[in-house]
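Here is what each chain is made of, one letter per residue.
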Amino acid sequence: MERKRRYFREKITTITRDDEGKPNQAVTVAQELVANNVAAVIGHFNSGCTIPASEIYKQNNILQITPGSTNPDVTERGYKTLFASAAATINKAKPQAIFQSTNSKLKKLGYPSR
């Protein structure tokens, strides 16, 4: 059976900006993107930049998807416009520690989180 499918036919324009991994620059980038009336943001790529930039996006009701930020503070603040696709560090540390302690000769493990 053949089905006709409707596809989203709006033109999508992408804007790329570099926050240089610096929180202050991330805020500047966020303000610039808001000024450009973006509908959504994919980024920032680390928690140190995501957290301050997300304040700007939240204030302007802009959807943000962060692919790499793992600090629990990214999602624990409960922003309805912010989605993280990577698991929080705290959710990864315990299984990694269990694996390492049962599969290696290591006696001590350290997992920095916040």
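A quick note: this is a predicted structure, and the numbers were derived from the prediction, not measured.

A.B. asks: Describe the environment of Thr28, naming the residues involved and giving the relevant values.
C.D. replies: As for its position among the elements, Thr28 is in helix 1 (residues 23-35). Residue class for Thr28 comes out partly exposed when judged on its relative accessible area of 37%. C-alpha separation for the pair Thr28 and Ala53, spaced 25 residues apart in sequence, amounts to 8.3 Å.

A.B. asks: Before we move on, could you go through the side chain of Asp19 and cite the residues and values that matter?
C.D. replies: If you trace the backbone, Asp19 turns up in the segment before helix 1. Within the local environment of Asp19, its side chain forms a polar contact with the backbone nitrogen of Gly21, the two atoms lying 2.8 Å apart. Dropping the residues within four chain positions of it, Asp19 is found in contact with Gln25, Ala26, Val29, His44 and Cys49.

A.B. asks: Lay out the sheet that holds strand 1 (residues 40-42) with the relevant residues and their values.
C.D. replies: Pairing within the open sheet is parallel, and its three strands lie in the order 1-2-3. Of all the strands in the sheet, just strand 1 and strand 3 (82-84) have a single pairing partner and so form its edges. In this sheet, neighbouring strand axes are inclined to one another by 10 degrees on average, regardless of whether the strands run parallel or antiparallel. In terms of strand pairing, strand 1 meets strand 2 (residues 63-66) through three bridges, oriented parallel. Within the sheet, the bridge partner assigned to Ala40 lies in strand 2 and is Leu63. Across the sheet, helix 2 (residues 47-59) touches strand 1, strand 2 and strand 3, and the angle it forms with strand 2 is around 165 degrees.

So, how was this worked out
- Residues numbered from 1 in each chain as written.
- Predicted model: local features only at pLDDT ≥ 70, side-chain atom pairs only at ≥ 80, totals over all residues.
- Heavy atoms only, no water.
- Helix = DSSP H or I, 4+ residues; strand = E, 2+ residues; numbered from the N terminus.
- Buried < 20%, exposed > 50% of the residue type's maximum accessible area, 1.4 Å probe, protein only.
- Polar contact = N/O pair within 3.5 Å; in protein donor to acceptor, adjacent residues only side chain to side chain.
- Contact = heavy atoms within 4.5 Å.
- Pairing = 2+ DSSP bridges.
- Axes fitted to C-alpha atoms, helices over the stretch in contact; angles between N-to-C directions.

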